[in-house]
Amino acid sequence: MALAGGGGGLPTRWPGAALAPRLLELSWVPMWVPAAPSFQNFQEVTLAYLQGIAHSYNVSSVRAQFQSLAAESRMVALVANQTQAAVQGGLAHLKAWMRKTQHRSQKAEARLQALDLALSQKSQRQAQESEEQREAAANTGPRLSQLVHGHGARLAALEGWLQKAQPKLPSPDSLKLQRDRQALTATPEHGNPPRGFTARLQGTREHPAPGGHLAPGGTAAPRDPAQQAQPRQGPGEICDVGPVLIFPNASTENVVFLSPGFLKALRALSFCSWVRTSSGHLGTLLSYATEGNDNKLVLHGRASLTPGSVHFVIGDPAFRELPLQSVLDGQWHHVCVIWTSIQGRYWTHVDRRLVATGSRFREGYEIPPGGSLVLGQEQDSVGGGFDSSEAFVGSVSGFAIWDRALVPAEVANLATGRGFPAGAVLTLANATSVGGFVQRANCTCLQRCPQGAM
């Protein structure tokens, strides 16, 4: 059978005839595939690579770097701990300052409320007193008119009685008339009224001299020299009043603790001391604090108050403002502050002179025992919480506290050095701790104590 295409080749009608040339081309393409490396070769290559790394890096250098990094890590941790401690300390200080500020704000608000109440009560009392004075004046007018009319009627009756009692005499120019008048004047004849009778009818009387008394004849008898009022002590020396404590500057360290404090509850007290200061305000003289109230008893004057003004506090927030401007002249002055729970009466004496008094201040109150008593600073907590703005700067001597109200004669004896009242519960002999730069001096007379430390 003849194939398509002729020539003795592949038949032209064979189905694969068209693919034959392509197969012949592919049969001549060189076929080369690289063989896969063996596992041993892989190990050798890896080992060579690691050896190269080992040669490139020194183990001791890596260890030093690790140690340096560890040291830096510890340093960073230490700094972080110190920073954290500092932050915590600052936060604690800030919290304490905020609590203290809040506490003082509460105290100031309570004092302002108490002051407002005291001012309103004072205004009410003044209004009531003014009304009473107006009523008294209105009632006094008619009474005065009646008295005047009554005295006028009595004078008229007296003039008529004198005219009837006087004898009719001859001419007034004669000597006999003069002799008769002298005789009438010398002797109480013809029913003349007794001496002083006219003055009594006219509503007047002969007053004795100050401090004297009337003699039986109606004249003023001279006063007994032993009863003469003692003159006020002049600018002489003040001696034999005990040791002197000198507070040189406004420091929170300048504090004097007195121990023991009050051993029993006080329903009355008297605080007296010689004081000398040259600052613009008096500062804190006395502070008594308990666990329940850090201002159970305080005598202090801040720089923010009126110069010379002192707050007398009993059981905060109740207080009275005392005027002590006269003690800011740098000289020695004797100060006594007295209080009693009976009717809440209080008195303030400066150099024997009464400068302030009042009532209804802590009436029926009782100051408890067992607290902390200091001189020179105000306590915001028991035995601490001091503030330099409340410090006392100056000198103190003759300090004493009594658990009763001294009478004016005892205050005068203290101020003049004539006597020391018995029964003092605290003096400077009870000073158990003198802190800071407070100096203790033993001076025979106060004027001879050093002033340079002030």
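Provided above is the structure to which this section pertains.
Since this is a predicted model, take the numbers as computed values, not measurements. (Residues numbered from 1 in each chain as written. Predicted model: local features only at pLDDT ≥ 70, side-chain atom pairs only at ≥ 80, totals over all residues. Heavy atoms only, no water.)

Novice: Please clarify how the overall build of the chain should be interpreted in this entry.
Specialist: Within the chain, the regular secondary structure consists of six helices and 17 strands. The buried share of the chain, reckoned over its 454 residues, is 30%. Looking at the chain alone, contacts between residues at least 24 apart form 66% of all its contacts between residues at least 6 apart. Only carbon and sulfur atoms are counted for the fraction: they give 58% of the accessible area of the chain, which is about 28,900 Å². (Helix = DSSP H or I, 4+ residues; strand = E, 2+ residues; numbered from the N terminus. Buried < 20%, exposed > 50% of the residue type's maximum accessible area, 1.4 Å probe, protein only. Contact = heavy atoms within 4.5 Å. Areas by Shrake-Rupley, 256 points an atom, 1.4 Å probe, with all protein chains shown as cover.)

Novice: Would you explain the packing of aromatic side chains in this entry?
Specialist: The description of two aromatic rings rests on the distance between their centres and on the angle between their planes. Under the criterion given, the structure shown has six aromatic pairs. Among the aromatic residues, those joined into a ring-pair cluster are F312, Y346 and F361. Between R362 and the ring centre of Y365, over which it is positioned, the NZ or CZ distance is 4.5 Å. (Phe/Tyr/Trp six-rings, centres within 6.5 Å; stacked < 30°, edge-to-face > 60°. Lys NZ or Arg CZ within 6 Å of the ring centre and 35° of its normal.)

Novice: I would appreciate a short explanation of the environment of R440 in the present structure.
Specialist: Its place among the elements puts R440 in strand β17 (residues 439-441). Residues R440 and I246, spaced 194 residues apart in sequence, show a C-alpha to C-alpha distance of 6.4 Å. For R440, the contacting residues outside a window of four places in its chain are P243, V244, L245 and L428.

Novice: I'm lost on unusual backbone geometry in this one. Help?
Specialist: It is generally the case that most residues other than glycine have a negative phi and that most peptide bonds are trans. Here the amide bond leading from S259 into P260 is cis, since omega sits at 0°, within 30 degrees of zero. With respect to the secondary-structure elements, P260 resides in the loop between β4 (256-258) and β5 (268-276). Cis geometry is found at the peptide bond from D316 to P317, where omega equals 20°. When you line up the elements, P317 lands in the loop between β8 (309-314) and β9 (319-323). Even without glycine at this site, D240 takes up a positive phi of about 55°. Relative to the helices and strands, D240 is located in the loop between β2 (220-221) and β3 (244-247). Judged by relative accessible area, which is 70%, D240 ranks as exposed.

Novice: Would you mind going over the pattern of salt bridges with me for this structure?
Specialist: Working definition: two side chains of opposite charge can pair if their charged atoms are close together. Scanning all chains against the criterion turns up four salt bridges. Salt-bridge contacts for K264 lead to D403; the nearest nitrogen and oxygen are separated by 3.4 Å. With K264 in the loop between β4 and β5 and D403 in the loop between β14 (394-402) and α6 (408-416), the pair connects residues that are 139 residues apart, well separated along the chain. Note on D403: relative accessible area 26%, which makes it partly exposed. Among the ionic pairs, R404 bridges to E410, the shortest N-O distance being 3.0 Å. Classification of E410 as buried rests on a relative accessible area of 18%. (Salt bridge = Lys/Arg side-chain N within 4 Å of Asp/Glu carboxyl O.)

Novice: How do you make sense of empty space enclosed by the protein when you look at a structure like this?
Specialist: Summary: where empty space remains is shown by rolling a probe the size of a single water molecule over the atoms. On inspection of all chains with the given rule, the structure shows one cavity of 30 Å³ or more. Of the voids in this model, the largest cavity is the one considered here, and its volume is about 60 Å³. F247, F271, S273, V275, T284, L285, L375, G376, F392, V396 and F399 together form the lining of the largest cavity. Mapped onto the lining of the largest cavity, the elements with two or more residues apiece are β5 and β14. If you tally residues by element for the lining of the largest cavity, the top one is β5, at three residues. Across the lining of the largest cavity, the residue classes tally to eight nonpolar, three polar and no charged. (1 Å grid on protein atoms, 1.4 Å probe; cavity = no way out; pocket = protein on both sides within 12 Å on 5 of 7 lines; lining within 4 Å. Points joined across faces, edges and corners; volume = space filled by probe spheres on them. Nonpolar A, V, L, I, M, F, W, Y, C, P; charged D, E, K, R; others polar.)

Novice: Just checking my understanding: could you explain the pairing of strand β11 (residues 346-350) for this structure?
Specialist: Looking along a regular strand, one sees the side chains alternate between the two faces of the sheet. In terms of burial, β11 is largely enclosed, as four of its five residues are buried. Here five bridges tie strand β10 (residues 333-340) to β11, and the two strands are oriented antiparallel to one another. Among the inter-strand pairings, W339 is bridged to a residue of β11, identified as Y346. Between β10 and β11, which follow one another and run antiparallel, lie five residues, and Q343 among them has a positive phi close to 60°. Two elements, β11 and strand β12 (residues 353-358), share five bridges in a ladder whose sense is antiparallel. Bridging across to β12, H349 finds its partner in L354. (Pairing = 2+ DSSP bridges.)

Novice: I tried to follow the state of the cysteines on my own but got confused; where do I start?
Specialist: Per the counting criterion, the structure on display carries three disulfides. The side chain of C239 participates in a disulfide bridge whose partner is C445; the two sulfur atoms lie 1.9 Å from each other. Note on the C239 and C445 pair: the S-S dihedral is about 90°, so by sign convention the disulfide is right-handed. Here C239 is found in the loop between β2 and β3, whereas its partner C445 is found in the segment after β17, with 206 residues between them in sequence. Bridging C443 to C449, the disulfide has an S-S length of 2.2 Å. Disulfide C443 to C449: torsion about the S-S bond roughly 140°, handedness right-handed. By relative accessible area, C449 is classed as buried at 4%. (Disulfide = S-S within 2.5 Å.)

Novice: Just to check I follow, could you spell out α6 for this structure?
Specialist: The periodicity of an α-helix, 3.6 residues per turn, causes residues three or four places apart in sequence to face the same way. Three or more residues of α6 are buried, namely E410, V411, L414, A415 and T416. Packed against the buried residues of α6 are β5, β10, β11 and β14.

Novice: Please explain the sheet that holds strand β6 (residues 286-289) as it appears in this structure.
Specialist: The antiparallel open sheet is built from seven strands, whose spatial order is β9-β8-β7-β6-β13-β4-β16. Taken across any chain shown, the strands that pair with only one partner, and hence form the sheet edges, are β9 and β16 (431-434). Pairs of neighbouring strands in the sheet enclose a mean axial angle of 20°, with direction left out of account. Across four bridges, the pairing between β6 and strand β13 (residues 372-375) is antiparallel. Counterpart to L286 in the pairing with β13 is L375. (Axes fitted to C-alpha atoms, helices over the stretch in contact; angles between N-to-C directions.)

Functional significance is not addressed by these values, which are geometric in nature.
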